[in-house]
Amino acid sequence: MKQLFSLLLLCSLSWVSAQKVESPTGTLALTFQLTPDGQPTYAVSYKNKPVVLSSALGVSLKDKTALVNHFEVTGTTTHAVNETWKPVLGEQAQIVNHYNELIVALVQKDSKVKLNLVFRAFDEGVAFRYDFPKQENLNYFIISDEKTEFNLTENHKVFWIPGDFDSNEYVYNETKFSEIDNEKLDLNNGIGVKSIPGKYTVQTPLQMKSPSGLYLNIFEAAVVNYPVMHLDANVQKYTLKANLVPNAIGDKAYLQAPCVSPWRTIMVSDDARKIVSSKLILNLNEPSKIEDTSWIKPMKYVGIWWEMHVGKSTWDYAGSQNAQNAAGNPIPTGKHGATTENTKRYIDFAAKHGFDGVLVEGWNVGWEDWVGNWKEDVFDFTTPYPDFNLEEVSAYAKAKNVKMIMHHETSGSVGNYERHLDRALDLMKKFDYPAAKTGYVGKIIPRGEFHDGQAMVNHFNFVARRFADNKLMVNSHESSHPTGYSRTYPNYIAAESARGNEFNAWSNGNPPAHETILPFTRQLGGPMDYTPGIFEIKMSYYDKNKTEQVHTTLAKQLALYVTMYSPLQMAADLIENYEKYPDAFQFIKDVAMDWDESLYLEAEPGDYLTVARKTKGQDTWFLGAITDENARTTEIKLDFLTKGKKYKAIIYQDAKNAHWEKNPIAYTIKTQVVTSASKLKLQLAAGGGTAISFEPLP
Ligand code: NOJ
Ligand code: CA
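Per chain, residue numbering runs from 1 following the sequence as it is written. Written order determines the labels here, with chains lettered from A and ligands numbered from 1. Per-residue local features of the predicted model are confined to residues with pLDDT of at least 70, and side-chain atom pairs are confined, for both listing and counting, to 80 or more; whole-chain, interface and lining totals are unaffected and use all residues. Heavy atoms from the whole structure form the basis of all side-chain values; hydrogens and water molecules are not counted.

### Observations concerning the packing of aromatic side chains
Spelled out, the test is: Put simply, two rings from Phe, Tyr or Trp (the six-membered ring, in Trp's case) pair if the centres are within 6.5 Å, and we call them stacked under 30 degrees between planes, edge-to-face over 60, tilted for the rest. Here's how the labels work: a residue is buried when its accessible area is under 20% of the maximum for its type, exposed when over 50%, partly exposed in between, all with a 1.4 Å probe on protein chains only.
Applying the stated rule across the entire model yields 34 aromatic pairs. Considering the side-chain rings of Tyr-578 and Phe-585, the 4.4 Å spacing of their centres and the 20 degrees angle between planes classify their relative orientation as stacked. Phe-585 shares its class with Tyr-578; the two are buried. Taken together, the ring pairs connect Phe-349, Phe-355, Phe-535, Tyr-578, Tyr-581, Phe-585 and Tyr-667 into an aromatic cluster.

Below, the structure is given as structure tokens:
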């Protein structure tokens, strides 16, 4: 009897503090509850079925009482928000931000520390964050651990990569949750610096699918002044716990109240298209802080880049031995790619084919010993090699109406880059470079820091802001995963932060399913500089002993310009390879990069993706369809086209006998007149794709 009574008391006690917030249509609901010990918890249900079971919230602080239990609720507030905003560049002209919000104000009984939990329920996902208000009992503090848990209900299928503190350039593993195991991975994968903290640590965005076909995605938004959150999986219990990336002395985040944590997000839908098209991450970021955004423009570019990756030329001028002549000057190897002459060739090509920009890597001194030495002063970002004439190149580009794209490889030496940054940006302005690609290959200096720690997150965000001060755009490689900061600083035009196409040139590469997974994972955080457009697919073309290849058909390389959204897109292959296939190259020339509308017509992570997009301000459409290693036939209704209008559809597709491995280049192009009543049957080869342009007919 006594037991029953205390059980009832327990239930009623916790029930008192239970608070629920539902998404606008009621599909998703999040329930907040304090345990009898005063620990905050939350649970999520989708269509009235639990999808995240009661999961702990809280943070531990260094040298202070942990903010994990003994809390009581001092108040709750709710808000409903339904607004529309316009991204500067984007997949759609307008984005709807529609959610219900619940704020729970807590106080810890003994310490009197106040903590607010902010919960938002959108129709395709829920989000929550910790809010540390200004208060007497908490000013400066150090987070030593975040207790956030995600307790799942079943043994889902998971698309996971190891929770490496230094790299996100992995191939996705598709296994059951119970089979997550970093020790089973083949780490001979081309990644230079790896820091995997444990057997069961994985990265977000973590895309999952339940046995009954529900799609779940765990990620984070607005990671600002905070480290990246990786997740520790308990493979027996199907639970995940936050694992914040530490700094060099093991602490996680240095904060001062008032402040907030990033958002933790859980997307849930029985329709994969709702997840891949979601704007939840952008919606959780602050609006643009840049008032005049007229200088932020999409850029389609070519460059001196793939030729180094395939071994045709080098970044360095004098070779790794840095041979010098009697006068102490470096002796060129003759293989240097970034020469004035070669750059002019690219500028001519860009001008002829209507490209906006030319990227030149290896233009500046330092590449003789840039990687693997953990050396501090490698580059100064302002001194060109003797065979690269900045004045001449920039005058030539200007005359041809082509913009140059700067390259700042830091080799991970971040303090050095920050010391040189203002001069480097002045040089860009002097020579009229509107954008730079940055790079962070190698171990970070200050030594002991990781790519994903708080200091580095702050660095990447600082660089975006400093570029913005100078009206310059930035595209970072090897940076921590984007979490929507490009809404706040739209000049942060793209990032790599995942395994890009380049891995296909010199490692085991990216399997055919890779590009069907990235839109569900990395790309939820912002545009990716994937560098598609490789036409000469097998590396044996350059060297008969090479076995590497891009795991794709040529037609799929075209489709990627549509399926992988980015306002910065490279036509990555060599000029001579495009000149061999001018009819296929036409699609890359035509495809738009900024959109009024994007329709995810078909999507299954790991299998296929079909996307149609309408060009910003024009009635032209583009469609991209891709598949994994399996051939695929599908029929697409063109009911998105304007009714009553005729369109010329140019269809770039795999030839009947195309195959990513056996016959990757074989493609056909056909033209037909279509209307919104038409249907198109698409036949994608194994590892293949289809790209279509639709142009209205008069
Ligand atoms: C890695 C980048 O991802 C790649 O694009 C670049 O060419 C090299 N680093 C050199 O900076
Ligand atoms: Ca890279």
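Next comes the rest of the account.
### Observations concerning the packing of helix H5 (residues 340–353) against helix H6 (residues 390–399)
The cut-off we apply is this: The axes used here are C-alpha line fits, helices contributing only the stretch in contact, and every angle between their N-to-C directions lies in the interval 0 to 180 degrees. Helix and strand labels come from DSSP, where a helix needs a run of H or I of at least four residues and a strand needs a run of E of at least two; each type is numbered from the N terminus. Put simply, angles under 35 degrees are roughly parallel, angles over 145 are roughly antiparallel, angles from 65 to 115 are roughly perpendicular, and the rest are oblique. The contact rule is simple, with two residues in contact once any of their heavy atoms fall within 4.5 Å. Ten residues, namely Ala, Val, Leu, Ile, Met, Phe, Trp, Tyr, Cys and Pro, are considered nonpolar, four, namely Asp, Glu, Lys and Arg, are considered charged, and the remaining ones, Gly among them, are considered polar.
Contact pair H5 / H6: the axes reach a minimum separation of 10 Å and the direction vectors enclose 10 degrees. Overall, the two elements H5 and H6 adopt an arrangement that is roughly parallel. Of the residues in H6, those touching H5 at Thr-340, Thr-343, Lys-344, Ile-347 and Asp-348 are Glu-392, Val-393, Tyr-396 and Ala-397. A per-class count over the contact of H5 with H6 returns four nonpolar, two polar and three charged.

### Concerning the UniProt feature "domain: Glycosyl-hydrolase 97 catalytic" (unreviewed entry) in the protein
This is how it is decided: UniProt positions are given in the numbering used here, feature names are shortened, and annotations may be inferred rather than shown by experiment.
UniProt annotation of "domain: Glycosyl-hydrolase 97 catalytic" (unreviewed entry) refers to residues 305–498 when read in the numbering used here. Across residues 305–498, helical content stands at 34% and strand content at 12%; the span's end C-alpha atoms are separated by 18 Å.

### Topic: the environment of Leu-623
Position of Leu-623 among the secondary structure elements: in strand S31 (residues 621–627). Looking at Leu-623, the relative accessible area reads 1%, which means it is buried. For the pair Leu-623 and Leu-638, spaced 15 residues apart in the sequence, the C-alpha separation amounts to 10 Å.

### Quick look at the coordination of the calcium ion (ligand 2)
Operational definition: Here the coordinating atoms are restricted to nitrogen, oxygen and sulfur within 2.8 Å of the metal centre, or 3.2 Å for Na, K and Ca, and because water is not among them the sites may look incomplete. Just to be clear on the cut-offs, tetrahedral is four donors with all angles between 85 and 135 degrees, square planar is four donors and octahedral six with opposite donors over 155 degrees apart and all others between 65 and 115, and anything else goes down as irregular.
Surrounding the calcium ion (ligand 2) are the protein donor atoms Glu-169 (OE), Glu-478 (OE), Glu-496 (OE), Glu-496 (OE) and Glu-502 (OE), at 2.1 to 2.7 Å. Here the calcium ion (ligand 2) is ringed by six donor atoms whose angles at the metal span 52 to 162 degrees, and the overall shape comes out irregular. All donors of the calcium ion (ligand 2) come from a single chain, and their spacing in sequence reads E-x308-E-x17-E-x5-E. With Glu-169 in the loop between strand S12 (157–160) and strand S13 (173–176) and Glu-502 in the loop between strand S27 (492–495) and helix H10 (503–506), the pair connects residues that are 333 residues apart, well separated along the chain. With respect to class, Glu-169 is no different from Glu-502; both count as buried.

### Regarding helix H8 (residues 454–469)
Using the following cut-off: Expected span, for any helix, means 1.5 Å times one less than how many residues it has.
In this model, H8 (16 residues) spans 22 Å end to end at C-alpha, consistent with the 22 Å of a helix rising 1.5 Å per residue. Along H8, the residues that are buried comprise Gln-454, Met-456, Val-457, His-459, Phe-460, Asn-461, Val-463, Ala-464, Phe-467 and Ala-468. With its phi angle positive at about 55 degrees, Lys-471 sits one or two positions after the end of H8.

### Comments concerning the domain arrangement of the protein
Stated formally: Each domain's extent was defined by an automatic or database domain assignment. Put simply, buried area is how much 1.4 Å-probe accessible surface two parts lose in total, over both of them, once they are put together. Whenever a carboxyl oxygen of Asp or Glu lies within 4 Å of a side-chain nitrogen of Lys or Arg, that contact is scored as a salt bridge.
Its domain assignment divides the protein into domain 1 (19–284) and domain 2 (498–538 + 549–562 + 570–697). Centre-to-centre separation of domain 1 and domain 2, based on C-alpha positions: 33 Å. If you look at the interface, domain 1 gives 30 residues, while domain 2 gives 33 residues. It is Glu-91, Tyr-172 and Val-276 that lose the most area in domain 1 upon contact with domain 2, and together they represent 24% of the buried surface on that side. Counting every contact that joins domain 1 to domain 2 gives two salt bridges.

### Re the site of ligand 1
Convention followed: When we say a residue is near a molecule or strand, we mean one of its heavy atoms is within 4 Å of it. Nitrogen and oxygen atoms within 3.5 Å of one another constitute a polar contact, given that in protein one can donate a hydrogen and the other can accept it, and given that sequence-neighbouring residues count only through two side-chain atoms. In these tables, accessible area is a Shrake-Rupley quantity obtained with a 1.4 Å probe, and a residue counts as shielded only by the protein chains included in the view.
If you check the shell around ligand 1, you find 14 residues, and the closest are Glu-361, Glu-409, Lys-437, His-477 and Glu-502. Note that an oxygen atom of ligand 1 is positioned 2.8 Å from one of the side-chain N or O atoms of Glu-478. At 2.8 Å, a side-chain N or O of Glu-502 approaches an oxygen atom of ligand 1. In the complex, 96% of the free accessible area of ligand 1, which totals 290 Å², lies under the protein chains. A breakdown of the residues in the shell around ligand 1 according to their chemical character gives five nonpolar, three polar and six charged.

### Topic: the sheet that holds strand S22 (residues 299–304)
Let me state the cut-off plainly: DSSP-based pairing: two strands are paired if at least 2 bridges between them are found.
Strand order in this open sheet of seven strands is S27-S26-S25-S24-S23-S22-S28, and the pairing throughout is parallel. The sheet is open, and its two edges are formed by S27 and strand S28 (568–570), each paired on a single side. For this sheet, the mean angle separating the axes of adjacent strands, direction not counted, is 25 degrees. Bridge count between strand S26 (residues 473–476) and S27: three bridges; the pairing is parallel. The residue bridging Asn-475 from the neighbouring strand is Ala-494, located in S27.

### Re the pattern of salt bridges
Taken as a whole, this structure holds 33 salt bridges when the rule is applied. One salt bridge in this structure joins Arg-120 and Glu-101, with 2.8 Å as the shortest N-O distance. Of this pair, Arg-120 sits in strand S8 (residues 114–122) while Glu-101 sits in strand S7 (residues 95–108), placing them 19 residues apart in sequence. Taking relative accessible area as the criterion, Arg-120 reaches 15% and is therefore assigned buried.

### What to know about H5
Along its 14 residues, H5 runs 20 Å from first to last C-alpha, staying within 8% of the 20 Å computed at 1.5 Å per residue. Thr-340, Asn-342, Thr-343, Tyr-346, Ile-347, Phe-349, Ala-350 and His-353 are the residues of H5 that are buried. The first or second residue beyond H5 is Gly-354, which carries a positive phi of 75 degrees.

### Observations regarding the confidence of the model for the protein
Note the cut-off: Across the chain, each position has a pLDDT score giving the predictor's confidence in that residue, from 0 to 100.
The share of residues in the protein with pLDDT of 70 or more is 98%, and the mean pLDDT across the chain is 96. In this model residues 1–15 is a low-confidence stretch, pLDDT under 50, and it forms four contacts with partners more than four residues away in sequence or in other chains.

### Here's the deal with the pairing of S8
The buried count for S8 comes to eight of nine residues, which makes it a mostly enclosed element. Bridge count between S7 and S8: eight bridges; the pairing is antiparallel. When the sheet's bridge partners are listed, Leu-102 is paired in S8 with Phe-119. Where S8 lies against strand S9 (residues 125–132), seven bridges are found, and the strand directions are antiparallel. Within the sheet, the bridge partner assigned to Val-118 lies in S9 and is Arg-129. The loop that links S8 with its antiparallel partner S9 comprises two residues.

### Topic: the environment of Arg-273
By the element assignment, Arg-273 lies in helix H2 (residues 272–276). Considering only alpha carbons, one finds Arg-273 and Glu-602, 329 residues apart in sequence, at a separation of 6.7 Å. Apart from residues no more than four positions distant in its own chain, Arg-273 is found in contact with Tyr-600, Leu-601, Glu-602 and Ala-603. At a separation of 3.1 Å, a polar atom in the side chain of Arg-273 contacts the main-chain carbonyl oxygen of Leu-601.

### So, the pairing of strand S18 (residues 239–244)
Within S18, five of the six residues are buried, which leaves it mostly tucked inside the rest of the structure. Pairing geometry for strand S11 (residues 149–152) and S18, over three bridges, is antiparallel. Bridge pairing in S18 links Glu-149 to Lys-241. Two strands pair when backbone bridges link them, and strand S17 (residues 229–234) and S18 are joined in this way by six bridges, in the antiparallel orientation. Paired with Ala-233 across the two strands is Leu-240, which belongs to S18. Adjacent in sequence and paired antiparallel, S17 and S18 are bridged by four residues, among which Tyr-238 carries a positive phi angle near 60 degrees.

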